[in-house]
Amino acid sequence: MAYKYFPHTEEDIQQMLDKIGAERLDDLFAEVPEAIRFKGDYDLPSSMSEMEVRRYFEHLCNRNASLTVFAGAGVYDHYTPSVVANITERSEFLTSYTPYQAEISQGTLHYIFEFQSMMTALTGMAISNASMYDGSTATAEAVMMAAAQSKKANTVLVSSCLDPKVRRVVDTYAHFHGIDIVYLKERDGVTDIDDLRERLAAGGIAGVLVQQPNFYGIIEDFTGWADLCHEQKALFIINSVIGDLALLKTPGEWGADIAVGDGQSLGIPMCYGGPSVGYLCCTDKLMRKMPGRIVGMTKDSRGQRAFVLTLQAREQHIRRQKATSNICSNQSLMALFVTIYLSLMGKEGLKEVAQRSYDAAHYMADALVATGRFTMAFKQPFFNEFCVRYDGDVDALQQQLLKHGILGGVKVDDHTLMIACTEKRTKEEIDQFVALTKEDEQ
């Protein structure tokens, strides 16, 4: 073999080509127009020793700027205890794959069981799977569950206050599964309940999807929403940043049928946008419609506690194309990360993180408004993220902040900035941000 680390020999490759009726590997790209094919040699560097490679990437790493983060919009700069990464790297845990063989996978199955238990406690729901790729795909899977549960309806109502990134994923999943998505109107930063009533009354609705807190950071009041949905045989789905549920009313308390969202707020580093982990919890009634896997606790032949995969019939390794979902091997490693974080923080620690984030955001909002250059974009209660309107150039302001090492929020429109605070943001950092906004734009 010319390349001893390649998984396929020349004979292996030829056998595969013969099987599909191709003569050479280039035939696999026959549909790519010649005009756009690269014909030259790749500009690859010469070989390096291990020490040279490490030095090279260290140099690249040092070019990254370490910023004080006031941006959120679904990914938040929370503190991660150092012990989390150390425990995650233990040999009995370090895999992202489905533990099919229970007799040799007890470590993996155990933490997945604990992850499920923690998700149900935080959401107030009966059942949790473990786990989903991220909050966006988990939300899309919930929409598919609603359509699958309904025998006649094929339309899902989605709040316009749902994160646009999540909306795009939901739209894509729905398109290829023949599900109709209709967006509910927005009024003063919250979902319009009158529009909900009108569309539910028209019939044909399989589910209703909302976000709490919503994309703008606003805490919405969903009193009576579950009753409105259930009267029309529609499922009520709530997407939440799960760390916020340490203080907020849970989806279960709102009467939700499905609770979904992202687990990144539970200590997972921002990591340039990923990886993360999604959660999906539901009522007992919907358990067999859930995608993914569920781990259960039982006893072995010696009467000792053991963990096993349960309700596997819906997964593709048995049902294949008839499976509820394609979720199988996924980011279980990140579920472990979250489980260790929650074990270390405990209930009170998680509440403290949420409370500090809330307090920092409200202190900052008041301070910005007091400058006279900002006004609150919405007259609504918010959690740790809020929108303000700026009387100047938002782009110029963000560049000014960037010069001082501050990632200054997320631009919503030409005059609106969305700012997030976590427990990591100190009073000194907030005061510096506010002081910089008072300076004349350069």
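Please refer to the structure placed before this passage.
Residues numbered from 1 in each chain as written. Predicted model: local features only at pLDDT ≥ 70, side-chain atom pairs only at ≥ 80, totals over all residues. Heavy atoms only, no water.

Draft legend 1. The sheet that holds strand β13 (residues 374-376), seen in detail. Across the sheet, which stays open at both edges, the 4 strands sit in the order β13-β14-β17-β16 with antiparallel pairing between neighbours. Each having just a single partner strand, β13 and β16 (410-413) make up the two edges of the open sheet. Each adjacent strand pair in this sheet contributes to an overall mean axis angle of 35°, direction not counted. For strand β14 (residues 385-390) and strand β17 (residues 416-420), the ladder comprises 5 bridges, and the chain directions are antiparallel. Bridge assignment links R389 to a residue of β17, and that residue is T416. Its contacts with the sheet put helix α12 (residues 394-403) on β13, β14, β16 and β17, and the angle it makes with β16 is roughly 175°. (Pairing = 2+ DSSP bridges. Helix = DSSP H or I, 4+ residues; strand = E, 2+ residues; numbered from the N terminus. Axes fitted to C-alpha atoms, helices over the stretch in contact; angles between N-to-C directions. Contact = heavy atoms within 4.5 Å.)

Draft legend 2. Quick look at the sheet that holds strand β3 (residues 155-159). Here we have 7 strands laid out as an open sheet, ordered β2-β10-β9-β8-β7-β3-β4, and mixed in their pairing. Edge positions in the sheet fall to β2 (127-128) and β4 (180-184), since each of these pairs with one other strand and no more. For strand β9 (residues 258-262) and strand β10 (residues 278-282), the ladder comprises 5 bridges, and the chain directions are antiparallel. Directly across from G261, in β10, lies its bridge partner Y279. Running at roughly 65° to β10, helix α4 (residues 106-123) makes contact with β2, β9 and β10 of the sheet. The strands touched by helix α6 (residues 164-176) within the sheet are β3, β4, β7 (205-211) and β8 (235-241), with β4 carrying the most contacts at an inclination of about 150°.

Draft legend 3. How the structure looks around the pairing of β17. Summarising burial for β17: 5 of the 5 residues are buried, a large majority. The two faces of β17 match: T416, M418 and A420 on one face and L417 and I419 on the other face are all buried. Both β16 and β17 contribute to a ladder of 3 bridges, which runs antiparallel. Residue pairing across strands places K411 opposite L417, the latter belonging to β17. Hairpin geometry of β16 and β17 is characterised by an intervening segment of 2 residues between the two adjacent antiparallel strands. (Buried < 20%, exposed > 50% of the residue type's maximum accessible area, 1.4 Å probe, protein only.)

Draft legend 4. Looking closely at the layout of surface pockets. In this structure, the largest pocket spans a volume of roughly 470 Å³. Of all elements in the fold, only α5 (135-149), α6, β8 and β9 reach the threshold of two or more residues within the lining of the largest pocket. Among the elements that make up the lining of the largest pocket, the one with the highest residue count is β8 (3 residues). (1 Å grid on protein atoms, 1.4 Å probe; cavity = no way out; pocket = protein on both sides within 12 Å on 5 of 7 lines; lining within 4 Å. Points joined across faces, edges and corners; volume = space filled by probe spheres on them.)

Draft legend 5. Layout of the packing of aromatic side chains. Under the defined criterion, the tally for this structure stands at 13 aromatic pairs. Through successive ring pairs, a cluster of aromatic residues spans F222, W225, F236 and W254. The ring of W254 is capped by K249, whose NZ or CZ atom sits 4.2 Å from the centre of that ring. The ring centre of F70 lies 5.8 Å from the NZ or CZ of R425, which sits over that ring. (Phe/Tyr/Trp six-rings, centres within 6.5 Å; stacked < 30°, edge-to-face > 60°. Lys NZ or Arg CZ within 6 Å of the ring centre and 35° of its normal.)

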